[in-house]
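Per-entry structural report
The chain contents come next:
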Amino acid sequence: MAGILGLGGYVPERVMSNDDWAALVDTTDEWITARTGIKRRRFASDDESTLDMAAAAAELAIKDADLSPADIGEIIVATDTPELYLPDTSSLLQDRLGCGNVPTYDLGGSGCAGFVQALDVARARIQFAPRKVLVVGVELISRLMSWKSRATCVLFGDAAGAVVMGPGEAKAEVLDVVTGTDGSKADILTLRTGGTRHPFSIDAAKTEAHRNIEMHGREVFREAVLRMSSAVTDVLRRIGKSVADVALVVPHQANKRIIDAVRKRLGVAEESVYVNVEEYGNTGSASVPFALWEAHQTGRINAGDLVVLTAFGAGFHWAAAAVQF
Ligand code: UT7
């Protein structure tokens, strides 16, 4: 079975408050707080990159696992905001950490579901060929998003989270993971410019089309609630448990209202759901691993706890993982 051997997390120091946004776009602290529950988010400094943030979280996770980079046998990085367009961030991370010539790959474009999907891939890889897999979720979205579109810019923050998975002495076992995708809903959350259908161009740059995240907010909201709650129910059914057995749900931190709606649908008590969206906003693929790391660090997770991770993202993807500490 694949276990979690170590956890790590990183957020940049710079704090961007709702009032800071209100000084730049037509919004208010009241609107952002009421609609999303977000009060602040962290933004990377000018000399920080995706790779720096990924490496910071990865180093902590490797240390927490009592391992060295040379022990890592494979690396998966989930991100939609890579260090470069080519090559992938995982190659650069392998070199930065000094992991040796182990296989690495990125999982990109699946929005905020990327990390839990990567966890599932890592679990399968470990069962097939036992090895220690570093799984990172990282997002430096502040540098790639539009700072003019109030409908999206106020939602996001930068962060990184990481776990080392493998056989052996584990802090937690990943009991099961469910994942799913509805490609017919691809258009509810898109960034169209930059790929082969709409290549990057001077005209696109002039209108900032390459930064324009198009989102049907209400539909994303609806799908998120439906898919995360059913993914949690499914993964619990598969391991023969119910919500009453769950010590903590760690959901993707997109919006406090989405988290509350999932909690109510599942019938989970408020204290059994981890929420940090107020402090960090939506940090994409980093959201679940960072929240898991923070919950573990701050004593919200204890030995014996059954923890369920769940996420959704552009695609439209969803996933849930049952993790026994
Ligand atoms: O990884 C990305 C995942 N994305 C999500 O999780 C988003 C899911 N959806 C949501 O969280 C919500 O739909 C939002 C928070 C994005 C929006 O909340 P809503 O309650 O669905 O509001 P709305 O989109 O229906 O907009 C209501 C009003 C609109 O004005 P009108 O048309 O009613 O006059 C918007 O123009 O709020 C306006 N609005 C804003 N006002 C102040 C939109 N953004 C802002 C803003 N400040 N930042």
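Residues numbered from 1 in each chain as written. Predicted model: local features only at pLDDT ≥ 70, side-chain atom pairs only at ≥ 80, totals over all residues. Heavy atoms only, no water.

Each helix and strand in the protein chain was counted, giving 11 helices and 13 strands. Taken over C-alpha atoms, the radius of gyration comes to 19 Å for the protein chain, in line with the 20 Å a tight globule of 325 residues would show. Here the protein chain holds 325 residues, and 54% of them are scored as buried. Relative to all contacts within the protein chain whose residues are 6 or more apart in sequence, the contacts with residues 24 or more apart total 77%. Only carbon and sulfur atoms are counted for the fraction: they give 50% of the accessible area of the protein chain, which is about 13800 Å². (Helix = DSSP H or I, 4+ residues; strand = E, 2+ residues; numbered from the N terminus. Rg over C-alpha atoms; globule rule 2.2 N^0.38 Å. Buried < 20%, exposed > 50% of the residue type's maximum accessible area, 1.4 Å probe, protein only. Contact = heavy atoms within 4.5 Å. Areas by Shrake-Rupley, 256 points an atom, 1.4 Å probe, with all protein chains shown as cover.)

Our focus in this paragraph is the site of the ligand. In the vicinity of the ligand there are 22 residues, among which Thr27, Arg35, Arg150, Arg218 and Asn255 approach most closely. In the model, a nitrogen atom of the ligand is placed 2.9 Å from a nitrogen or oxygen of the Arg150 main chain. At 3.0 Å, a backbone N or O of Gly217 approaches a nitrogen atom of the ligand. Considered on its own, the ligand offers 960 Å² of accessible surface; in the complex 73% of this is hidden by protein. Elements supplying a minimum of two residues to the shell around the ligand: α2 (29-36), α6 (150-153), α8 (217-238) and α9 (256-266). The element that contributes the greatest number of residues to the shell around the ligand is α8, accounting for 4 residues. Across the shell around the ligand, the residue classes tally to 12 nonpolar, 5 polar and 5 charged. In this structure, the shell around the ligand is formed jointly by two domains, domain 1 (2-171) and domain 2 (175-324), each of which donates at least three residues. (Near = heavy atom within 4 Å. Polar contact = N/O pair within 3.5 Å; in protein donor to acceptor, adjacent residues only side chain to side chain. Nonpolar A, V, L, I, M, F, W, Y, C, P; charged D, E, K, R; others polar. Domains from an automatic or database assignment.)

Right, let's talk about unusual backbone geometry for a bit. A cis amide bond links Leu86 with the next residue in sequence, Pro87, at an omega value of 0°. Look at Asp66: it is not a glycine, yet its phi comes out positive at around 60°. Take Asp66: it is sitting in the loop between α3 (50-64) and β4 (74-78). Positioned with a positive phi, Glu208 is a non-glycine residue whose angle comes to about 60°.

Relative placement of two packed helices is described by the angle separating their axes and the distance separating the axes. Relative to each other, α3 and helix α4 (residues 89-97) sit at 55°, their axes nearing to 10 Å. Judged on the interaxial angle alone, α4 and α3 are oblique. Here α3 runs over α4; the crossing is right-handed. Residue-level inspection shows Thr50, Leu51, Asp52, Ala54, Ala55, Ala58, Glu59 and Ile62 of α3 in contact with α4, the latter providing Thr89, Leu92, Leu93, Arg96 and Leu97. Among the residues making up the contact of α3 with α4, the classes are represented as 8 nonpolar, 2 polar and 3 charged. (Axes fitted to C-alpha atoms, helices over the stretch in contact; angles between N-to-C directions. Parallel < 35°, antiparallel > 145°, perpendicular 65-115°, else oblique. Left-handed = near helix turned anticlockwise from the far one by under 90°.)

Turning our eyes to something else, we now look at the pattern of salt bridges. Tallying each qualifying case throughout the model produces 20 salt bridges. Salt-bridge contacts for Asp120 lead to Arg123; the nearest nitrogen and oxygen are separated by 3.2 Å. Of this pair, Asp120 and Arg123 are both found in helix α5 (residues 114-128), 3 residues apart, which corresponds to roughly one turn of the helix. Assessed through its relative accessible area of 14%, Arg123 is described here as buried. Among the ionic pairs, Lys185 bridges to Glu223, the shortest N-O distance being 3.8 Å. You can see Lys185 sitting in the loop between β8 (172-181) and β9 (189-190) and its partner Glu223 sitting in helix α8, a full 38 residues away along the chain. (Salt bridge = Lys/Arg side-chain N within 4 Å of Asp/Glu carboxyl O.)

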